[in-house]
Amino acid sequence: MGTVLLVALAAVVAVFVITGLVRAGRREAQAEKARLAEEAQRQARRSLEVVWAMDDREFEEYIAQLCRRDGCTEVKRVGGSGDLGADVIGRLPDGRKIVIQCKHYAKHRTVGSRDIQTFNGTARAEHGADVPVFVASCVFTKPARAFAARHQLTLIDINLLGFWNKGTTLTSLLDLDIGRSGTHRKLHPDHD
């Protein structure tokens, strides 16, 4: 009888120890998951800081490199004076011609409707774009997004650029409804 009681007591103690270890392991796994998520956010902020530190030419080349990474072909950075709104030109993986206008602005600025209207007037007519894309290192105003939606222009603001930089493909971004996206607010200079 004493042996059975001792074995039963040992089994109860073992269950408590194992349960405690399992809970500790789960807490540790959750803490590690939270730590990794925070690190990913820090890296994303650092990568956006790099974008804001670029000059205009570097920003255009950075966008061209992202296009190449995503399988675009014949990608050329053509920006400069007299570029008529085209900073990067290439072909999407499905063969359609893509024309990209890049605006490298400070993070607290916005791109307004006038810039989008100007690009709309040249992207298809001057450059023969099948897919006109406007990429900015800041956000777009609500009227700019509305105009782009009406005229089937793709807008990639700094938030979407962060996703693109982290591996989201360009073709995924082309399918977004830009008229309904965005925060409608400027980023503050100290924004992380």
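Residues numbered from 1 in each chain as written. Predicted model: local features only at pLDDT ≥ 70, side-chain atom pairs only at ≥ 80, totals over all residues. Heavy atoms only, no water.

A. How the structure looks around unusual backbone geometry. The phi dihedral of Glu74 is positive, around 55 degrees, even though this residue is not glycine. For Glu74, the position within the fold is in strand β1 (residues 73-77). Relative accessible area serves as the criterion here: at 57%, Glu74 is assigned to the exposed category. At Gln152, a position not held by glycine, the phi torsion is positive, near 55 degrees. Structurally, Gln152 can be placed in the loop between α4 (142-150) and β7 (154-156). By relative accessible area, which is 64% here, Gln152 ends up exposed. (Helix = DSSP H or I, 4+ residues; strand = E, 2+ residues; numbered from the N terminus. Buried < 20%, exposed > 50% of the residue type's maximum accessible area, 1.4 Å probe, protein only.)

B. Quick look at a nonpolar patch on the surface. On the surface, Leu9, Val13, Val17 and Leu21 cluster together into a nonpolar patch covering about 380 Å² of accessible area. Inspection of the secondary structure puts Leu9 in helix α1 (residues 2-53). (Patch = residues over 30% accessible without salt bridge, like charges linked within 9 Å, V, L, I, M, F, W, Y side chains within 5 Å. Areas by Shrake-Rupley, 256 points an atom, 1.4 Å probe, with all protein chains shown as cover. Salt bridge = Lys/Arg side-chain N within 4 Å of Asp/Glu carboxyl O.)

C. Spatial organisation of helix α2 (residues 56-69). With 14 residues, α2 ought to run about 20 Å at 1.5 Å a step, and its terminal C-alpha atoms sit 20 Å apart, in line with that. Buried within α2 are the following residues: Phe59, Glu60, Tyr62, Ile63, Ala64, Leu66 and Cys67. One side-chain oxygen of the residue at the start of α2 lies 3.2 Å from the amide nitrogen of Arg57, identifying that residue as Asp55. (Expected span 1.5 Å × (residues − 1). Polar contact = N/O pair within 3.5 Å; in protein donor to acceptor, adjacent residues only side chain to side chain.)

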